[in-house]
Amino acid sequence: MYSLHKITVSVLSVFLFSSASGSDPFFTVPGASEAGMSYSCVTGPGFWSSFHNQALLPLNTSASLGFSYQNRFNISELGTRSAGLVIPAGQAGLGVIYSNFGNMDFRRHSAGLACGLKLTEKIYGGIQVDFFCERTAGEYNLRRALSFEAGLLITPSEKIRIGFHIFNPVPNSLRKTYLPSSIRAGGGLWLTNSLFACAEAEMSTGGNLILKMGFEYEAAQKFKVRGGFSSENNSFSFGIGYLLKFAKLDLGFSTHEMLGVTSSASIIFRLK
């Protein structure tokens, strides 16, 4: 006999996994700072943004190690645990990321190896190879998939950014296992030295157009405030970040019009 809690988790899992949009489990969720801006981060600066658009990798000037946890609707069984490593290499940047999602009845592991390169003075490009492993209860419970994603960043000036990102540009007719595809495009602008604002649009397989917008404001030295909105489920988000001598701490929260609040926390260590 399943408990009411397990039934609730199972129903939510089916609801989440049936969508090929921003709430699809293949959507990259690491980073509380990105969560606080409704994941409008295809042009956003930062450690975790580099895994939302690999063209941002060369902009990381120091080696960093990060850990992130997202708790969907305050249900631990729907949590996502992630770890990432970014290493600068001259005009390039290298990145490794791993995520673990789910519970005993449904679990998905994903890993990616990324590289970004400064192509010209104002253009950056990046690519990432992804591996997914999905386990479910019952017979034939193991599925694997291999794909890739790529991004482009254009910087017309020091204060303006234009970004593009595509995930899994491979027809499902060539696959044994279904894997959604998505494309994102957006722009970012430093309105002042302390205020960054951005907006983007996203289209996924079988989904509607999603519009996102967000901002990051340095309210005080080493302290940042963030906010955002996503047209998917009319979701609002907010977050804060604090810079320590050796690490960066972030918290992010987003709302769902029916299911409640999703919270995120992350920490990033700068490595010498």
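Residues numbered from 1 in each chain as written. Predicted model: local features only at pLDDT ≥ 70, side-chain atom pairs only at ≥ 80, totals over all residues. Heavy atoms only, no water.

> What am I meant to see in the nonpolar core here?
Nonpolar side chains in soluble globular proteins tend to be buried together. Among the nonpolar cores identified, the biggest contains eight residues, and these are Phe47, Trp48, Phe51, Leu57, Val86, Ile97, Ala114 and Ile268. Those residues within four positions of Ile97 in sequence are excluded, and the remaining contacts are Pro30, Trp48, Phe51, Ala83, Gly84, Ser110, Ala111, Gly112 and Gln128. Core analysis: the second largest hydrophobic core is formed by five residues, Phe73, Ile75, Phe101 and Phe106 among them. (Core = buried A, V, L, I, M, F, W, Y, C linked by side-chain atoms within 4.5 Å. Buried < 20%, exposed > 50% of the residue type's maximum accessible area, 1.4 Å probe, protein only. Contact = heavy atoms within 4.5 Å.)

> Sorry if this is basic, but what is going on with the layout of surface pockets here?
If you roll a probe as big as a water molecule over the atoms, it shows you where there is empty space left. What the largest pocket holds in volume is close to 820 Å³. Lining the largest pocket we find 33 residues, and of these Pro45, Gly46, Phe47, Lys224 and Lys248 sit closest to its centre. Of all the secondary-structure elements, those providing two or more residues to the lining of the largest pocket are helix H2 (32-35), strand E9 (195-204), strand E10 (210-220), strand E11 (223-230), strand E12 (235-243) and strand E14 (260-270). (1 Å grid on protein atoms, 1.4 Å probe; cavity = no way out; pocket = protein on both sides within 12 Å on 5 of 7 lines; lining within 4 Å. Points joined across faces, edges and corners; volume = space filled by probe spheres on them. Helix = DSSP H or I, 4+ residues; strand = E, 2+ residues; numbered from the N terminus.)

> I would appreciate a short explanation of the pattern of salt bridges in the present structure.
Pairing is possible between side chains that carry opposite charge, provided their charged atoms lie close to one another. Tallying each qualifying case throughout the model produces nine salt bridges. A salt bridge links Arg226 to Glu216, with the shortest nitrogen-to-oxygen separation between them at 2.7 Å. Taken as a pair, Arg226 in strand E11 and Glu216 in strand E10 lie far apart in primary sequence, ten residues in all. Counted as one network, the salt bridges with shared partners bring together Glu216, Lys224, Arg226, Lys248 and Asp250. (Salt bridge = Lys/Arg side-chain N within 4 Å of Asp/Glu carboxyl O.)

> I tried to follow the packing of aromatic side chains on my own but got confused; where do I start?
Aromatic ring pairs are described here by two measures, namely the spacing of the ring centres and the angle between the planes. Per the stated rule, a full pass over the model turns up eight aromatic pairs. An angle of 90° between the planes, with centres 4.8 Å apart, marks the rings of Phe47 and Trp48 as edge-to-face. Taken individually, Phe47 and Trp48 each receive the classification buried, so the pair is uniform in this respect. With a centroid separation of 5.2 Å and 25° between ring planes, the pair formed by Phe238 and Phe253 is classed as stacked. You can see Phe238 sitting in strand E12 and its partner Phe253 sitting in strand E13 (residues 247-256), a full 15 residues away along the chain. (Phe/Tyr/Trp six-rings, centres within 6.5 Å; stacked < 30°, edge-to-face > 60°.)

> How do you make sense of the environment of Leu119 when you look at a structure like this?
Along the polypeptide, Leu119 turns up in the loop between strand E4 (106-118) and strand E5 (123-136). Using a relative accessible area of 49% as the deciding quantity, one classes Leu119 as partly exposed. Dropping the residues within four chain positions of it, Leu119 is found in contact with Tyr124 and Gly125.

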